[in-house]
Number of protein chains: 2
Amino acid sequence: MAEPLLGHLDPAFLAILDRVQGRLRQAFRTVHPLTLPISGTGSAGMEACLVNLLEPGDAAVIGVNGAFGERMCAMVERIGARPVRVEAPWGETIPPERVVVALERHRPRLVGLVHAETSTGVAQPVVEIAAAARALGVLSVVDCVTSLGGMEVKVDEWGIDAAYSGTQKCLSCPPGLAPLTFAPAALERLASRKTPVSSWYLDLSLIGRYFGTERVYHHTAPISMIFALEAALGEVLEEGLEARFARHLAAHRALVAGLEALGFRFPVAVEHRLPMLNAVIPPFPDEKLARKELLDRFGIEVGGGLGPLAGRIWRIGLMGTNATLDVVDRLLAALRTLV
Amino acid sequence: MAEPLLGHLDPAFLAILDRVQGRLRQAFRTVHPLTLPISGTGSAGMEACLVNLLEPGDAAVIGVNGAFGERMCAMVERIGARPVRVEAPWGETIPPERVVVALERHRPRLVGLVHAETSTGVAQPVVEIAAAARALGVLSVVDCVTSLGGMEVKVDEWGIDAAYSGTQKCLSCPPGLAPLTFAPAALERLASRKTPVSSWYLDLSLIGRYFGTERVYHHTAPISMIFALEAALGEVLEEGLEARFARHLAAHRALVAGLEALGFRFPVAVEHRLPMLNAVIPPFPDEKLARKELLDRFGIEVGGGLGPLAGRIWRIGLMGTNATLDVVDRLLAALRTLV
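Residues numbered from 1 in each chain as written. Chains lettered and ligands numbered in written order. Predicted model: local features only at pLDDT ≥ 70, side-chain atom pairs only at ≥ 80, totals over all residues.

## What about the overall build of chain A?
Reasoning step 1: Counting its regular elements, chain A contains 12 helices and 12 strands.
Reasoning step 2: The C-alpha atoms of chain A give 20 Å as radius of gyration, which agrees with the globular expectation for 339 residues (20 Å, within 12%).
Reasoning step 3: Along the first, second and third principal axes, the C-alpha set of chain A runs to 60 × 55 × 30 Å.
Reasoning step 4: By residue count, 52% of the 339 residues in chain A fall in the buried class.
Reasoning step 5: The contacts of chain A with a sequence gap of at least 6 include a subset with a gap of at least 24, amounting to 69%. (Helix = DSSP H or I, 4+ residues; strand = E, 2+ residues; numbered from the N terminus. Rg over C-alpha atoms; globule rule 2.2 N^0.38 Å. Buried ≥ 20, exposed ≤ 12 C-beta atoms within 10 Å, placed from the backbone. Contact = placed C-beta atoms within 7 Å.)

## So, the interface of chain A and chain B
Reasoning step 1: Opposite the 34 residues of chain A that make contact, chain B presents 34 residues.
Reasoning step 2: Only helix 2 (42-53), helix 3 (67-78) and helix 9 (223-239) of chain A provide two or more residues apiece to the side of chain A that touches chain B.
Reasoning step 3: Examining the composition of the side of chain A that touches chain B, we find that four residues originate from one element, helix 2 of chain A, more than from any other.
Reasoning step 4: Residues belonging to the side of chain A that touches chain B are distributed by class as follows: 16 nonpolar, 14 polar and four charged. (Nonpolar A, V, L, I, M, F, W, Y, C, P; charged D, E, K, R; others polar.)

## Re helix 4 (residues 96-106) of chain B
One turn of an α-helix holds 3.6 residues; hence residues three or four places apart share an orientation.
Residue and element names in this part refer to chain B.
Reasoning step 1: When we look at burial in helix 4, the residues that qualify are Pro96, Val99, Val100, Ala102 and Leu103. Taken around the axis of helix 4, the buried residues stretch over an arc of 160 degrees, which confines them to a single face. Exposed and oriented more than 90 degrees from the buried face of helix 4 are Glu97, Glu104 and Arg105.
Reasoning step 2: Check the buried side of helix 4 and you find it contacts strand 2 (59-64), strand 3 (82-87), strand 4 (110-114) and helix 5 (127-136).
Reasoning step 3: Backbone geometry just after helix 4 places Arg107 at a positive phi near 40 degrees. (Arc of directions from axis to C-beta.)

## Some points on the relation of the copies chain A and chain B
Reasoning step 1: Expressed as a screw transformation, the operator carrying chain A onto chain B has a rotation angle of 180 degrees and an axial translation of 0.0 Å, and the superposed copies differ by an RMSD of 0.0 Å. Considering both components of the superposition, the chain copies are consistent with a two-fold axis. Among all C-alpha atoms of chain A, that of Gly40(A) lies closest to the rotation axis, at 2.6 Å.
Reasoning step 2: When you check the interface residues of chain A against chain B, 100% turn up at the interface there too, and the contact is symmetric in its surfaces. (Least-squares fit on C-alpha atoms with pLDDT ≥ 70 in both.)

## Quick word on the sheet that holds strand 4 of chain B
Residue and element names in this part refer to chain B.
Reasoning step 1: Spatial strand order, 1-9-8-7-4-2-3: seven strands in an open sheet with mixed pairing. On the outer flanks of this sheet lie strand 1 (35-38) and strand 3, each paired with one strand and no other. The sheet shows a mean angle of 20 degrees between the axes of neighbouring strands, direction not considered.
Reasoning step 2: Judged from the five bridges that link them, strand 4 and strand 7 (residues 139-143) form a sheet pairing that is parallel. By the bridge assignment, Gly112 is partnered in strand 7 with Val141.
Reasoning step 3: Seen against the sheet, helix 7 (residues 184-191) touches strand 7, strand 8 (162-164) and strand 9 (178-182) and runs at an angle of roughly 110 degrees to strand 7. (Pairing = 2+ DSSP bridges. Axes fitted to C-alpha atoms, helices over the stretch in contact; angles between N-to-C directions.)

## With respect to the nonpolar core
Reasoning step 1: Counting 212 residues, the largest nonpolar core has Ala48(A), Leu50(A), Ala162(A), Ala48(B), Leu50(B), Val111(B) and Ala162(B) as its most contacted members.
Reasoning step 2: If near-sequence neighbours (up to four positions away) are discounted, Ala162(A) is found in contact with Cys49(A), Leu53(A), Leu139(A), Val141(A), Phe182(A), Ala183(A) and Ala186(A). (Core = buried A, V, L, I, M, F, W, Y, C linked by C-beta atoms within 7 Å.)

## A closer look at helix 1 (residues 11-28) of chain A
Residues and elements named next belong to chain A.
Reasoning step 1: Across its 18 residues, helix 1 extends 26 Å between first and last C-alpha, which sits within 8% of the 26 Å expected from 1.5 Å per residue.
Reasoning step 2: Every buried residue of helix 1 is listed here: Val20, Arg23, Leu24, Ala27 and Phe28. Here the buried residues of helix 1 occupy an arc of 130 degrees about the axis, which is enough to place them on one side. Seen from the buried face of helix 1, the exposed residues on the opposite side, beyond 90 degrees, are Pro11, Ala15 and Asp18.
Reasoning step 3: Two residues or fewer past helix 1, Arg29 is found with a positive phi of approximately 55 degrees. (Expected span 1.5 Å × (residues − 1).)

## Re the sheet that holds strand 10 (residues 277-280) of chain B
Residue and element names in this part refer to chain B.
Reasoning step 1: Strand order across the open sheet formed by three strands is 10-12-11, with antiparallel pairing between neighbours. The open sheet has two free edges, formed respectively by strand 10 and strand 11 (303-304), since each of these has just one partner strand.
Reasoning step 2: By the bridge criterion, four bridges tie strand 10 to strand 12 (residues 314-317) in an arrangement that is antiparallel. Its bridge partner lying in strand 12, Ala279 is registered against Arg315.

## Some words on the packing of helix 1 of chain A against helix 9 of chain A
Residues and elements named next belong to chain A.
Reasoning step 1: As a packed pair, helix 1 and helix 9 sit with axes 9 Å apart at the nearest point and diverge in direction by 40 degrees. Taken together, the axis directions place helix 1 and helix 9 in an arrangement best described as oblique. The hand of the helix 1/helix 9 crossing is left-handed. The segment helix 1 lies against helix 9, with Phe13, Ile16, Leu17, Arg19, Val20, Arg23, Leu24, Gln26 and Ala27 engaging Ile223, Ile226, Phe227, Leu229, Glu230, Leu233, Gly234, Val236 and Leu237.
Reasoning step 2: Tallied by class, residues from the contact of helix 1 with helix 9 come to 13 nonpolar, two polar and three charged. (Parallel < 35°, antiparallel > 145°, perpendicular 65-115°, else oblique. Left-handed = near helix turned anticlockwise from the far one by under 90°.)

## Some points on the domain arrangement of chain A
Residue and element names in this part refer to chain A.
Reasoning step 1: Looking at the assigned domains, one finds that chain A contains domain 1 (11-238) and domain 2 (241-336).
Reasoning step 2: Listed as interface residues are 21 residues of domain 1 and, on the opposing side, 21 residues of domain 2.
Reasoning step 3: Here the residues of the side of domain 1 that touches domain 2 sort into nine nonpolar, 10 polar and two charged. (Domains from an automatic or database assignment.)

## Description of the pairing of strand 2 (residues 59-64) of chain A
All names here are of chain A.
Reasoning step 1: Counting buried residues in strand 2 gives five out of six residues, a clear majority hidden from the surface.
Reasoning step 2: As paired strands, strand 2 and strand 3 (residues 82-87) are joined by six bridges and run parallel to one another. Looking at strand 3, one finds that Val64 is bridged to Glu87.
Reasoning step 3: Once the chain exits strand 2 it traverses helix 3 before rejoining the sheet at strand 3, and the crossover so formed is right-handed.
Reasoning step 4: Across three bridges, strand 2 lies against strand 4 (residues 110-114) in parallel orientation. Each bridged residue has a counterpart across the sheet, and for Ile62 the counterpart in strand 4 is Gly112. (Right-handed = clockwise from strand over helix to strand, strands pointing away.)

## Overview of the environment of Met151(A)
All names here are of chain A.
Reasoning step 1: For Met151, the location among the structural elements is in the loop between strand 7 (139-143) and helix 6 (155-158).
Reasoning step 2: Note: C-alpha distance between Met151 and Ala246 (95 residues apart in sequence) is 8.3 Å.
Reasoning step 3: For Met151, the contacting residues outside a window of four places in its chain are Phe245, His248 and Pro275.

Okay, here's the thing in C-alpha cells:
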C-alpha cells in the first residue's frame, strides 16, 4: 500500500488489475470472466450481488441463522423484492432440505446463503442447495466473506452463480474491497433485466466494461487497495489453498483443546464449526471486562457476540496470517492470566 | 497506509475516526455533525447523497455541463426519481439564473450541481443557486470531488445542504473514500422519508450510528484508507486552506503562461477556469500519441477528453502536492521535446 500511486487507466495499473482478477479466479476456484473486486467492503459485495440480480417484486429465498442472513433480507427489501426467510436458531445450520422445499414452493429468482456466518461461527452446507437451485433455474448467491482463503470454496464445482467476499478475513488484506464472481447464468439474468440496476455505483454491467477488454471508465478504482489485494492474493496462492485450509484447521483444533482446558465451551456442533471464527462461551463473570483486559494488556482483540448472542459468546478469529499455533499459544497464555 | 491495522471498533481506531471527522469539517468549512468518509470512491459519495435524499417520484433539478452532471442524472433515474436537466455546452458554466428559474418552476426535492467539472475544467458558480434553493425549501447537493482542498468550498457560509468529495484529487490521498457532509435540513429530509433508502450500504441513518456516539456496527470501515485520509487531511490543514488555494492558483497561472507560449489553447473562459484541472487544446496532430509519449518517456500522465471533448482536449491536473511550479516546469520541459 506504500507503493507510489498509478492512474486508474495507466497500462501498468491495468496489468495489475488483470493479475488481481486472475488470482481471484484461483481463490474462488472459478473460470468466470466477471471476477473482480468491488470498490467497497464486504457488505458492498453483498449489495452488488443482490441489486444486480433482483428486480422489484422478485422473490428471494434467504437462509437466516445469523446477522448476515438478516442483512441479506434487509437489502432484498430495499430493492423492493420479497425475502422468503428460511430460518434456524443462531448457532445452528439451516437444514438444506428445508431450503430446497422453499425453492420448490416459491420458485424465487435467487437463493441467498451465508457460507461462514461470522456472527455465530457456523459453517452452512451450501453444495446440495446450490445443486437443487440450478436444477430449478434459481440463482445461488453465496456469502464467502469469512470462508474465502480459509476453507474450501469451489464456485465452479459447486455450481454457485454469484459469490462475494471481503479482503480482511482469511485473505489477510486490509478491509476495503469485496471480491466478487458472477457465473454466466448470473450475467444472463443481468442482461435480461426489465429495470435498471438500482445502484449506479454497483452496476456490474458498467463495472464489467472497465474490468473487461474495453477499459471504459466507470469510477476511479481504489488503487492502493488493489495493490494490497494483489500482494495478499499472491501470498495466499504461494502458500497454496489446500495448505492454507489445513493451517486454519490445525490452529482451530489447538484452540479448541486449549480453551476447553480453560473452561470455555463451544456452542456450535463439532461438524459445523468454522475453523477461522470460533464461537465460544467464556467462563468469565464479566465477559466485556475480560475482552477489554485482553485488548489493553495483551493487544489481542476478540469479538463480542452480536444480536441474541450479545454478552453470551466471544468470537475468536484465527484468520489468514493469524491462523497459527503461535497465535493460539499467545492467546491461551493471556487467557490463563485472566481465568 | 503501512501502519499495522486496528479493529474497526478498537478504541484507538475510533479516536482516529473522530479526528478524521473533525478534520473533514475543517476542510468543508462546516460544523455539521454528520461529516464522514463514505466507504467507496467519489461516485459512491454522489450516490450516497442522492439515494438518501430522493424517493421514487421526486423531481431533482440537475445542472448538466459535463460528465458528472450526466452521472447525477443517471443515478437520479435509477432511484425512480425524475431528473430535470438544466444544460449548458461542455466547457461552459450554467447561468445560475436559469437554474433558479427551474427551481421556481419545478419545486424539486433537490438541486444537484458539480462545483468543479473534472470532465471540462469548468468552475460552476454555486453560491447564488444554493441561496435561492434554501429560500425555496429545495435542498442543494454539490459535487466537490475536485474542488475540496484546492479552491474555496464553504459549506456553511454558502448554505449547502449536502456535499461530497473524493480523496484522490486536491486532498492528495489515494482513492477509496468519499468525504461527505449533511446539513440539518438534509438529515430532516432523511428522517422524514416515506420509503427506505434504496441502498443499505450507503444508508446514512445506519452509517451515522457508527460515526456517532453509539458506535453501532454497520459495515467494516476501510481501516488503512482512514489512516491515509487522517494523514492527508493533517497535511492539508497544516499548510492551511488559504495557502493551499493560493498555491493551486499560482501553479495554474504558471501553466497557462507556459502552455500558451507552446501553442496550447485554453477553451474555458478565464473567469471560469479551474486551477487544478486545466482543459487545454493541444497543438499535436496526434494527441493520443503525444500523451503516450509523455507517460512512457517522462512518467507524466495527462487525461484525455471525455464525451464530446474526446480527442479534442487534454485535462492536466495540478492537484494537491502536484500543484507546484516545479511540477509545471517538469511538464513544460517534457512538452517542449514533443512540439
